[in-house]
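A closer look at the structure
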Amino acid sequence: MNFSKKNDNFLKRTLLLTCISLLFIQCEAPTKKEKTTGLISQKAMVVSAREEASQIGSDILKKGGNAFDAMVATQLALAVVYPVAGNIGGGGFMVYRTNEGKTGALDYREKAPLASSKDMYLDKEGNMIKQKSTLGAMAVGVPGAIAGIFEVYEKFGSLPIAELIQPSIDLARKGINVTKKQARSLNRAREKFALANNYTILLDKEWKEGDKLQFEELAQTLERIRDQGKDGFYKGETAKKMVDYVQELGGILSLKDLEIYKAVWRKPVTFNYKDYTITSMTLPASGGICLAQILKSIEPFDLSKIKHNSTKYIQLLTEAERRSYADRAHFLGDIDFVDVPVDSLTNTEYINKRMRSFSWDKATKSSDISHGKLKGYESDETTHYSIVDPFGNAVSVTTTLNTGYGSKVFVKGGGFFLNNEMDDFSAKPGVPNVYGLLGSKANAIAPEKRMLSSMTPTIVEQNGKLKMVVGTPGGSTIITSVLQNIINVVDYGMGMQESVNSPRFHHQWLPDTVLMEPNGFDSITKANLKAKGYHITERNTLIIGKVDAILVLPNGTLEGGADHRGDDTAVGF
Ligand code: DON
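Residues numbered from 1 in each chain as written. Predicted model: local features only at pLDDT ≥ 70, side-chain atom pairs only at ≥ 80, totals over all residues. Heavy atoms only, no water.

A word on the overall build of the protein chain. Secondary structure assignment for the protein chain yields 17 helices and 19 strands. Seen through its principal axes, the protein chain has C-alpha atoms that stretch 95 × 60 × 50 Å. Within the span of the protein chain, comprising 573 residues, buried residues form 61% of the whole. With an accessible surface of roughly 22300 Å², the protein chain has 53% of that area assigned to carbon and sulfur atoms. Side-chain charges of the protein chain comprise 71 positive and 65 negative groups, with the mean position of each set lying 6 Å from the other. (Helix = DSSP H or I, 4+ residues; strand = E, 2+ residues; numbered from the N terminus. Buried < 20%, exposed > 50% of the residue type's maximum accessible area, 1.4 Å probe, protein only. Areas by Shrake-Rupley, 256 points an atom, 1.4 Å probe, with all protein chains shown as cover. Lys, Arg positive; Asp, Glu negative; His and termini not counted. Charge placed at Lys NZ, Arg CZ, Asp CG, Glu CD.)

Laid out in structure tokens, this is it:
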């Protein structure tokens, strides 16, 4: 009897302990989800922020156009159907890989106007003037998008240019259906639309799902571009409308700024991670360099022994991100203006040395980390689209107005928004931009300089073959969202949609906190991280990104990953 009671107690205790440890094990294990598969297509695919734009891009491919033709058509279609970030008044970056394996990159990032100056956003006391770099005419950088698409077209285009532009003109005129998410976004921006403009703009209304939105003035602007090429934007009527309106509002954009703007072909950042070759954007986008640094930092660790999104996984990525973003803040800026030691920053020995202070026991404090020592020496919206054509060419493009609807300045008579990309400069050392990012002299404002970007359009190859096209919006979180999707696929064997759906987290050195998607991470993992000294912020934020990606499956078919966080859709055939 005695024995059995003792035994009973023992059994109860054992059961309790087993339950507790099972709870722990279960909580630490990746949540068992149904395997989601994205759209599968045999030959070609476009994944973008809106179905209409993906459809227009895909139709171009069906007509025999290549990925570059589809890039032109998709960029313009997004300017119509997704005005929060799609644009002709902004800029972006394209990374490509041809079917012959040649890679390259186009920089069509905005530039600081000729009349800009280092302290243009500071008052007499040297303090930042609230919203001057984000809202209204002074926030506008010289737009690059139209120069970008013509540069792409001249080098690679195959169909007549009018055929690439016409679908967007028709869409603008016919109108788009406002989605639920779009109505919410437009309604939220109304107050700012009114503050930035001196008239009631077309979009300044109370919108609801299913409303029709037509853009007659934008259709006319696109017609001028169709008929006059890039001069239809950078010269003549459109240029005059843009400059007159910006100056009427007290801004500094000039006709000369528009006249001299050029998109630039650049050598992308290419590096190996395990048996993959990764090609991503170079400066003035920080994406490629930071992606290389972070992946190389984690490469020596055996991820097959670390569960996805577990405490250890989050620790490892966070510590690598912390160190890379500290370097970003100090070293990175427009390569045409500042000397950036790109090779040293992506050198494996340097990176391994940076990770020596990492410990599994305790979080490194960001206050104890600064940039590395080298020998000798940002409602927030952007949008990404990924394209693979039937010939095997791949295009990865991230494009933006910076924050949602950019400066909110809507060109009178032109029908489009102008960016507020000037906020991506470091307007004052030590003062973070809208994404909490800090910068140094390397990213100070100067006439004609390009502001540092986090955009990370990326292409992954394996054994000389195209594997993945990936990118996302998300300001400072762009780099870490692209990073996690690469790791999800190459290290954890996820499919494209499964990877895109997977919860994400982010660390950017300062502020010293791990930003996590709410409800994405279990309580034990979060408690473990807190016990090790990590600060956690769970916030439903637009800036965790909307990844639009394409994965080439082993049988050669394509799987789309379209982010459910937005209205993003894959279309293909
Ligand atoms: O270039 C950059 O890094 C920023 N202007 C990107 C802004 C962005 O991604 C906003 N989207 N959520």
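Don't stop here, the text continues.
Looking now at the site of the ligand. The environment of the ligand is made up of 17 residues, and the closest members are Thr382, Glu421, Asp424, Ser453 and Gly475. Within the side chain of asparagine 402, an N or O atom sits 2.7 Å from a nitrogen atom of the ligand. Where the shell around the ligand is concerned, the elements lending two or more residues are strand E10 (380–388) and strand E11 (394–403). Considering only residue class, the shell around the ligand consists of 4 nonpolar, 7 polar and 6 charged. (Near = heavy atom within 4 Å. Polar contact = N/O pair within 3.5 Å; in protein donor to acceptor, adjacent residues only side chain to side chain. Nonpolar A, V, L, I, M, F, W, Y, C, P; charged D, E, K, R; others polar.)

Strands in a sheet are paired, the pairing made by backbone hydrogen bonds, and the direction either parallel or antiparallel. Ordered by their spatial adjacency, 3 strands build an open sheet running E14-E15-E16, and the pairing between neighbours is mixed. Looking at strand neighbours, the two that pair on one side only are strand E14 (505–506) and strand E16 (536–538), the edges of this open sheet. (Pairing = 2+ DSSP bridges.)

Turning to a positive patch on the surface, a few remarks are in order. On the surface, Lys180, Lys181, Arg184 and Arg188 cluster together to form a positively charged patch. For lysine 180, the location among the structural elements is in helix H6 (residues 180–196). (Patch = residues over 30% accessible without salt bridge, like charges linked within 9 Å, V, L, I, M, F, W, Y side chains within 5 Å. Salt bridge = Lys/Arg side-chain N within 4 Å of Asp/Glu carboxyl O.)

As a further point, take the sheet that holds strand E8 (residues 269–273). The antiparallel open sheet is built from 7 strands, whose spatial order is E1-E18-E17-E13-E12-E9-E8. Sheet topology places strand E1 (40–41) and E8 at the edges, where each strand pairs with a single neighbour. Those strands touched by helix H11 (residues 287–298) are E8, strand E9 (276–280) and strand E12 (458–462), and its axis lies near 15° from that of E8. Against the sheet, helix H15 (residues 478–490) touches E8, E9, E12, strand E13 (465–470) and strand E17 (548–552), its axis set at about 140° to E13. (Contact = heavy atoms within 4.5 Å. Axes fitted to C-alpha atoms, helices over the stretch in contact; angles between N-to-C directions.)

So, on to the environment of glutamate 421. Position of glutamate 421 relative to the elements: it lies in the loop between E11 and E12. Among the residues examined, glutamate 421 registers a relative accessible area of 1% and is labelled buried. A C-alpha to C-alpha distance of 8.1 Å links glutamate 421 and threonine 403, two positions 18 residues apart in sequence.

Turning our attention to helix H7 (residues 216–228). For H7, spanning 13 residues, the distance from its first C-alpha to its last is 18 Å, which sits close to the expected 18 Å at 1.5 Å a residue. The first or second residue beyond H7 is glycine 229, which carries a positive phi of 70°. (Expected span 1.5 Å × (residues − 1).)

By secondary structure assignment, the location of aspartate 334 is in the loop between helix H12 (311–331) and helix H13 (342–345). We note that aspartate 334 is buried and unpaired, the nearest opposite charge coming from arginine 266 at a distance of 4.3 Å. There is a polar contact of 2.7 Å between the side chain of aspartate 334 and the backbone nitrogen of arginine 450. If we skip the residues at most four places from it in the chain, aspartate 334 touches Arg266, Pro284, Ala442, Lys449 and Arg450.

The description of two helices packed together rests on the angle between their axes and the distance between the axes. It is at 9 Å that the axes of helix H3 (residues 67–81) and helix H4 (residues 145–156) come closest, and there the two elements cross at 160°. Comparing their axes, H4 and H3 come out roughly antiparallel. Taken as a pair, H3 and H4 cross one another with a handedness that is left-handed. Of H4, the residues touching H3 (which contributes Phe68, Asp69, Met71, Val72, Gln75 and Leu76) are Ala145, Ile146, Ile149, Val152, Tyr153 and Phe156. Considered class by class, the residues forming the contact of H3 with H4 number 10 nonpolar, 1 polar and 1 charged. (Parallel < 35°, antiparallel > 145°, perpendicular 65-115°, else oblique. Left-handed = near helix turned anticlockwise from the far one by under 90°.)

Excluding glycine, most residues fall at negative phi; most peptide bonds, likewise, are trans. For the bond running from leucine 283 to proline 284, omega is 15°, close enough to zero to count as cis. By secondary structure assignment, the location of proline 284 is in the loop between E9 and H11. The phi dihedral of glutamate 448 is positive, around 70°, even though this residue is not glycine. Note that glutamate 448 resides in the loop between E11 and E12. Residue tryptophan 509 is not a glycine yet carries a positive backbone phi of 70°. Relative to the helices and strands, tryptophan 509 is located in the loop between E14 and strand E15 (514–516).

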